[in-house]
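A closer look at the structure
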Amino acid sequence: MIKFHPSARQLSDFVEGTLTPAISLMVSAHCDMCEKCQRFVEIETESLAAQMVSSASAKLDDSGDMAFQFGDMLAQITALPSDKQPESVVTASVSHHSKPGASTIELDGRTFTLPRTLHRYIDKTGNWSSLVGKLWQAPVDLGNQGVANFIFMGSGGSVPEHTHRGTEYTLVIDGEFSDGLSRYDTGDFIFMNGEKTHTPKAEGKEGCLVFSIVDQPLHFTSGLARLLNPFSHLFFR
Ligand SMILES: [Zn+2]
């Protein structure tokens, strides 16, 4: 069951289009998996549209320039949903046999169905590489928005204890994990910043697939993992 959602503020910013495109992508993907946030976004969208209509008609009273105002308003309303861009038609990368219209990625013979928002990034996803501690990572090219990662934690696998200089957004795509602070389940939306230290670890036999965006390399805080710090910009980002 989903327990962790974007904040009301983040959802409103999402509707207003003021989030960065990368964070907007995370929120949109969460909404694909979460009926509660989907409804919130629908209601916010309707009320924003209503506000625009009333402010457009108020402006209309002032200027009388109807064509311009309405064109403006429609442009803003149609710009609202972030997932309406056309499906990419780039062909297949070899790593997971993706094709246009694909909705799944594969690792080690397992198939994971992705939330709709992420489908158009399947053919922008690179090869899986094996990291320490039963971890697998596949980078996702977000264009000028940087890089996201699919991270798969095999059963019992964990990311060494770390904190963040920047922010870390994580969406649980399949499975569950805990990090010493909480337990997270499929669909959970997790925001971390420099205030917290955590050690993500997969729960259960099936392992856990997450989609993650960090804006700065992680900073490992314990034991031997501290030796990874000089290299942390190479992975987990
Ligand atoms: Zn939610």
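Quick summary incoming for the structure in this document. The shown structure was predicted, so the numbers you read here are calculated from the model rather than taken from an experiment. (Residues numbered from 1 in each chain as written. Predicted model: local features only at pLDDT ≥ 70, side-chain atom pairs only at ≥ 80, totals over all residues. Heavy atoms only, no water.)

**Remarks on the overall build of the chain**
- Looking only at helices and strands, the chain features four helices and 13 strands.
- Put simply, the chain has 237 residues, and 45% of those count as buried.
- By sequence separation, contacts in the chain at least 24 residues apart represent 63% of the contacts at least 6 residues apart.
- Of the roughly 12,200 Å² of accessible surface on the chain, 55% is carried by carbon and sulfur atoms. (Helix = DSSP H or I, 4+ residues; strand = E, 2+ residues; numbered from the N terminus. Buried < 20%, exposed > 50% of the residue type's maximum accessible area, 1.4 Å probe, protein only. Contact = heavy atoms within 4.5 Å. Areas by Shrake-Rupley, 256 points an atom, 1.4 Å probe, with all protein chains shown as cover.)

**Quick word on the packing of aromatic side chains**
- Applying the stated criterion to the full structure yields six aromatic pairs.
- For the ring pair Phe4 and Tyr184, a centre distance of 5.0 Å and an interplane angle of 55° mean the geometry is tilted. With Phe4 in the segment before α1 (8–16) and Tyr184 in strand β9 (residues 183–184), the pair connects residues that are 180 residues apart, well separated along the chain.
- A relative accessible area of 26% places Phe4 in the partly exposed class.
- Looking at Tyr184, the relative accessible area reads 5%, which means it is buried.
- Three or more aromatic residues joined by ring pairs form one cluster here, namely Phe4, Phe177 and Tyr184. (Phe/Tyr/Trp six-rings, centres within 6.5 Å; stacked < 30°, edge-to-face > 60°.)

**Some thoughts on the nonpolar core**
- In this structure, Phe150 and Phe211 are the most contacted members of the largest nonpolar core, which totals 39 residues.
- Elements with a contribution of two residues or more to this core: α1, α2 (21–33), α3 (35–63), β1 (104–107), β4 (135–141), β5 (147–153), β7 (168–174) and β12 (208–214).
- The element best represented in this core is α2, accounting for seven residues.
- Two domains each donate at least three residues to this core, and these are domain 1 (8–84) and domain 2 (104–234).
- In this view, Phe150 contacts Ile105, Leu114, Leu118, Thr125, Trp128, Trp136, Gln137, Ala138, Val140, Leu209, Val210 and Phe211; residues no more than four positions away in its chain are not counted.
- Counting 13 residues, the second largest nonpolar core, distinct from the first, contains Leu131, Ile151, Phe177 and Ala202. (Core = buried A, V, L, I, M, F, W, Y, C linked by side-chain atoms within 4.5 Å. Domains from an automatic or database assignment.)

**What to know about the sheet that holds β4**
- Read from one edge to the other, the open sheet built from six strands follows the order β3-β4-β5-β12-β7-β10, with strand pairing classed as antiparallel. Where the open sheet ends on each side, the last strands, each with one partner, are β3 (129–130) and β10 (189–192).
- Pairing geometry for β7 and β10, over four bridges, is antiparallel. The residue bridging Thr170 from the neighbouring strand is Ile190, located in β10.
- Seen against the sheet, α2 touches β7, β10 and β12 and runs at an angle of roughly 30° to β7. (Pairing = 2+ DSSP bridges. Axes fitted to C-alpha atoms, helices over the stretch in contact; angles between N-to-C directions.)

**Considerations on the side chain of Asp179**
- Residue placement: Asp179 occurs in the loop between β8 (176–178) and β9.
- One polar contact links Asp179 to His198, side chain to side chain, over a distance of 2.7 Å.
- Excluding its chain neighbours within four sequence positions, the residues that come into contact with Asp179 are Tyr184, His198, Thr199 and Pro200. (Polar contact = N/O pair within 3.5 Å; in protein donor to acceptor, adjacent residues only side chain to side chain.)

**What about the pattern of salt bridges?**
- Applying the stated rule across the entire model yields five salt bridges.
- Asp13 is paired through a salt bridge with Arg9; the nearest N and O atoms lie 2.6 Å apart. Taken together, the residues Asp13 and Arg9, both in helix α1 and four residues apart, mark about one turn of the helix.
- One salt bridge connects Asp32 with Arg116, and the closest N-O pair in it is separated by 3.9 Å. Placement of Asp32 in helix α2 and of Arg116 in the loop between β2 (110–113) and β3 is noted, with a sequence separation of 84 residues between them. (Salt bridge = Lys/Arg side-chain N within 4 Å of Asp/Glu carboxyl O.)

**Here's the deal with the sheet that holds strand β11 (residues 201–203)**
- Ordered by their spatial adjacency, three strands build an open sheet running β9-β8-β11, and the pairing between neighbours is antiparallel. The sheet is open, and its two borders are formed by β9 and β11, each paired with just one other strand.
- Bridge count between β8 and β11: three bridges; the pairing is antiparallel. From the neighbouring strand, Ser178 faces β11, where its bridge partner is Lys201.

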